[in-house]
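Residue-level structure breakdown
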Amino acid sequence: MNALSLYDRCMPDSKHLLIVAHNPSANTQKLVDASLRGARHEDIAGVEVKHIPPLQAGPADVLWADAIILGTTENFGYMSGALKDFFDRIYYPCLEQTEAMPYAAYIRAGLDGTGTRIAIGKITAGLKWKAVQEPMILHGEYRSQFEDQCEELGMLMAASLESGII
Ligand SMILES: Cc1cc2nc3c(=O)[nH]c(=O)nc-3n(C[C@H](O)[C@H](O)[C@H](O)COP(=O)(O)O)c2cc1C
């Protein structure tokens, strides 16, 4: 996990974008794919992008990152248990070292999304992470437009890292 990737060896000054996104359904997998597509846009250089599902992501991954995109479904008015488990495990190990981490979030919700937005806001405020934009709530019937929004988000985060804005 701590070993330098081939990309890091070739591009020692590269920035790192981590996507921690829960993808339990075909639609949410499309959102991850779209985020990755945007973040890996051919016009963006020097940014390494990784998607790790929240149950597999841990403190070392967060410490690797220069910016993070969080993705979750809304379940029972809250973020997915998987993303909550991620926060439970990374909170204290990362608290002192990730202040001002730029992050953005997308929330796939059948109906609402508000409870999840508020909960992510509280935890990231505790971590003192810096929101690049308001969490994006993708609610209602699934629409392919959600993929466009995720692609734009991935591109925005990667381009912002590339240019040093974040
Ligand atoms: C157990 C369960 C609880 C859910 N609770 C909520 C909820 O509280 N609010 C909401 O907006 N959507 C809720 N949903 C809908 C999910 O957010 C939605 O199914 C998920 O984002 C996957 O979207 P998809 O059907 O486009 O793949 C729930 C779904 C499940 C399976």
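In what follows, the accompanying structure is described. (Residues numbered from 1 in each chain as written. Predicted model: local features only at pLDDT ≥ 70, side-chain atom pairs only at ≥ 80, totals over all residues.)

Points about the pairing of strand β3 (residues 67-75)
- Within β3, 8 of the 9 residues are buried, which leaves the element mostly enclosed by the surrounding structure.
- Pairing geometry for strand β1 (residues 15-21) and β3, over 5 bridges, is parallel. Note that in β3 the partner of Leu17 across the bridge is Ala67.
- Bridging between β3 and strand β5 (residues 102-109) involves 6 bridges; their strand directions are parallel. Note on β5: the bridge partner recorded for Thr72 is Ile107.
- For β3 and strand β4 (residues 78-79), the ladder comprises 2 bridges, and the chain directions are antiparallel. Looking at β4, one finds that Asn75 is bridged to Tyr78.
- Remark: 2 residues form the turn of the hairpin made by β3 and β4, two consecutive strands paired antiparallel; Phe76 in that turn has positive phi of roughly 55 degrees. (Buried ≥ 20, exposed ≤ 12 C-beta atoms within 10 Å, placed from the backbone. Helix = DSSP H or I, 4+ residues; strand = E, 2+ residues; numbered from the N terminus. Pairing = 2+ DSSP bridges.)

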